[in-house]
Amino acid sequence: MPLWLSEADVRAVLTMSELIDAMETALIAFSAGRVAQPVRTVMEIRDRAFFGLMPAYDSDASLLGAKLVTVVLNNAAKGLPSHQGIIVLFDAATGALLAVTDGRYITEARTAAVSAVSVRHMARTDASVLAIIGSGVQAHSHLEALPLVRDFREIRAWSPNAARLQQFAAGRNVKPCESAESAVRDADVVVLATASSTPVIDNAWVAPGAHVIAVGACRPTQRETDPRLVARALVVVDSRDAAMQEAGDILLAIEEGLISAGHVHAELGEVASGAKPGRQHAGQITLFKSLGLAIEDVVAAGLAYRRALAAGCGMLVPL
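Residues numbered from 1 in each chain as written. Predicted model: local features only at pLDDT ≥ 70, side-chain atom pairs only at ≥ 80, totals over all residues. Heavy atoms only, no water.

Moving on, we come to the packing of helix 2 (residues 16–31) against helix 11 (residues 294–311). Look at helix 2 against helix 11: their axes get within 9 Å of each other, and the N-to-C directions meet at 135°. With respect to helix 11, the element helix 2 is oriented oblique. Between helix 2 and helix 11 the crossing geometry is right-handed. Between helix 2, through Glu18, Leu19, Ala22, Met23, Ala26, Leu27 and Phe30, and helix 11, the contact on the second element is made entirely by Ile295, Glu296, Val299, Ala300, Leu303 and Arg307. Considering only residue class, the contact of helix 2 with helix 11 consists of ten nonpolar, no polar and three charged. (Axes fitted to C-alpha atoms, helices over the stretch in contact; angles between N-to-C directions. Helix = DSSP H or I, 4+ residues; strand = E, 2+ residues; numbered from the N terminus. Parallel < 35°, antiparallel > 145°, perpendicular 65-115°, else oblique. Left-handed = near helix turned anticlockwise from the far one by under 90°. Contact = heavy atoms within 4.5 Å. Nonpolar A, V, L, I, M, F, W, Y, C, P; charged D, E, K, R; others polar.)

If you want it as structure tokens, here you go:
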């Protein structure tokens, strides 16, 4: 019988520090060609609403599965999550269904864990000021994950929603800023975690040596970054194939003639494995464009499944 893991079950057995290491391993396997994973299929339901199918198979780890996910960006106004979904895991040898796990929290956590891998390998070792643009789910998860890989003495945040910004900062070591510019100026690591389809920061605000992480825009017509910043930075992606189909931050800069496809320096898995260099000097600006990979979801769900079996969590459900 397959194991059903609710969001509460997944939260109980997954730790962010362990997830960061698991994501690094998954990214290295993906970039080394040891993972079978097509670019996700995305169906537009209506404006700002999408349904996605994301399958992946890692033969080395014997992990087979897929995520079914909905992205409804207007849900925030209704008090609902913008991203919702499930992840299904199968026995790679027999094809039997092993588990159905929550996909909402795994998406939240694994995205921040992957960003932490980018900070681990691309941010300056002395990075001490973190700026977060946004105050939603990904702002919270990145606030948990990134301090695990760098010792930040100051964490700043800005959001267009002033009330949510205050809620995000309350009781945390976070300085709410009056503008995106005041948050980003002189920051060592900048996280863009918004639902915006147009740039939320200006190239001139980003200091030499900064590491920028763009996790929000995930369609070819959307972008969070100033294209001049993309042209100025060493650009790393999670998947070249996906970036060339989905990353508006890159595709629109190509369309505008500011960069070519060859401007993408590497995949994060290549940098993490040492196959490609990351930051080459202290003053270099690095940019990680995150789209999210099915193998990240499948590996995270597989980790939750193993931990849940050991802990006796979840519920066996006959089909």
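Right, let's talk about the nonpolar core for a bit. Ranked by size, the top nonpolar core spans 72 residues in total, and within it Met23, Leu146 and Val189 carry the most contacts. Ranked by size, the runner-up nonpolar core spans 33 residues in total, among them Val200, Ala210, Leu229 and Ile250. (Core = buried A, V, L, I, M, F, W, Y, C linked by side-chain atoms within 4.5 Å. Buried < 20%, exposed > 50% of the residue type's maximum accessible area, 1.4 Å probe, protein only.)

The buried fraction of strand 8 (residues 129–133) is high, at five of five residues. On strand 8, burial covers both faces: Val129, Ala131 and Ile133 on one face and Leu130 and Ile132 on the other are all buried. The parallel pair strand 8 and strand 9 (residues 154–158) is bridged by helix 4 (residues 137–145), and the resulting crossover is right-handed. In this sheet, strand 11 (residues 189–192) lies alongside strand 8 in parallel orientation, the contact comprising four bridges. Following the sheet pairing, Ala131 is matched in strand 11 by Val190. (Right-handed = clockwise from strand over helix to strand, strands pointing away. Pairing = 2+ DSSP bridges.)

Within the secondary structure, Thr101 is located in strand 7 (residues 97–102). In this structure Thr101 touches Leu5, Val10, Ile86, Ile87, Ile106 and Ala301, once residues within four positions along its chain are discounted.

A word on helix 2. Across its 16 residues, helix 2 extends 22 Å between first and last C-alpha, which sits within 8% of the 22 Å expected from 1.5 Å per residue. Residues of helix 2 that are buried: Met16, Leu19, Ile20, Ala22, Met23, Glu24, Ala26, Leu27, Ala29 and Phe30. One or two steps after helix 2, the chain reaches Gly33, where phi turns positive at roughly 80°. (Expected span 1.5 Å × (residues − 1).)

Attention now moves to the layout of surface pockets. Computed from the structure, the largest pocket encloses a volume of approximately 1,200 Å³. Contributions of two or more residues to the lining of the largest pocket are made by strand 4 (49–58), strand 5 (63–72), helix 3 (104–122) and helix 4. Per element, the largest residue contribution to the lining of the largest pocket is five residues, and it comes from helix 3. Grouping the constituent residues of the lining of the largest pocket by class yields 20 nonpolar, 20 polar and nine charged. Taken as a whole, the second largest pocket encloses approximately 170 Å³ of empty space. (1 Å grid on protein atoms, 1.4 Å probe; cavity = no way out; pocket = protein on both sides within 12 Å on 5 of 7 lines; lining within 4 Å. Points joined across faces, edges and corners; volume = space filled by probe spheres on them.)

Quick look at the packing of helix 3 against helix 11 now. Packing of helix 3 against helix 11 leaves a shortest axis separation of 10 Å and a crossing angle of 110°. Judged by the angle between their axes, helix 3 and helix 11 are roughly perpendicular. Our pair here, helix 3 against helix 11, has a crossing hand that is right-handed. Residue-level inspection shows Ile106, Thr107, Arg110 and Val114 of helix 3 in contact with helix 11, the latter providing Glu296, Asp297, Ala300 and Ala301. Within the contact of helix 3 with helix 11, the residues separate by chemical class into four nonpolar, one polar and three charged.

The strand order across the open sheet formed by eight strands is 10-9-8-11-12-15-13-14, and the pairing between neighbours is parallel. With one partner strand each, in any of the chains shown, strand 10 (175–176) and strand 14 (264–267) form the two edges of the open sheet. Relative to strand 9, strand 8 runs parallel, the two being bridged by five bridges. Within strand 9, the residue paired with Leu130 across the bridge is Ile155. On the sheet, helix 3 packs against strand 11, strand 12 (211–214), strand 13 (234–237) and strand 15 (286–289) and is oriented at approximately 160° with respect to strand 12.

Looking now at the side chain of Asp58. Locating Asp58 in the fold gives a position in strand 4. For the buried Asp58, no salt bridge is present, and the opposite-charge side chain at shortest range is Arg34, 6.0 Å distant. At 3.1 Å, the side chain of Asp58 and the backbone nitrogen of Asp60 are in polar contact. Setting aside anything within four residues of it in sequence, one finds Asp58 in contact with Ala29, Arg34, Val35, Leu63 and Ile295. (Lys, Arg positive; Asp, Glu negative; His and termini not counted. Salt bridge = Lys/Arg side-chain N within 4 Å of Asp/Glu carboxyl O. Polar contact = N/O pair within 3.5 Å; in protein donor to acceptor, adjacent residues only side chain to side chain.)

Relative to the 27 Å expected for 19 residues at 1.5 Å per residue, helix 3 spans 27 Å between its end C-alpha atoms, a close match to the ideal helical length. Most of helix 3 is tucked away: 17 of the 19 residues are buried.

Applying the stated criterion across every chain, the model contains 22 salt bridges. Linking Arg104 and Glu108 is a salt bridge whose minimum nitrogen-to-oxygen distance equals 2.8 Å. Pair noted here: Arg104 and Glu108 are both in helix 3, with a separation of four residues, about one helical turn. On the basis of relative accessibility, which here comes to 14%, the residue Arg104 falls in the buried class. The class for Glu108 is buried, based on a relative accessible area of 11%. Asp249 is paired through a salt bridge with Lys289; the nearest N and O atoms lie 3.2 Å apart. One end of the pair, Asp249, is in helix 9 (residues 248–255); the other, Lys289, is in strand 15, and 40 residues separate them in sequence. Both residues of the pair, Asp249 and Lys289, belong to the buried class.

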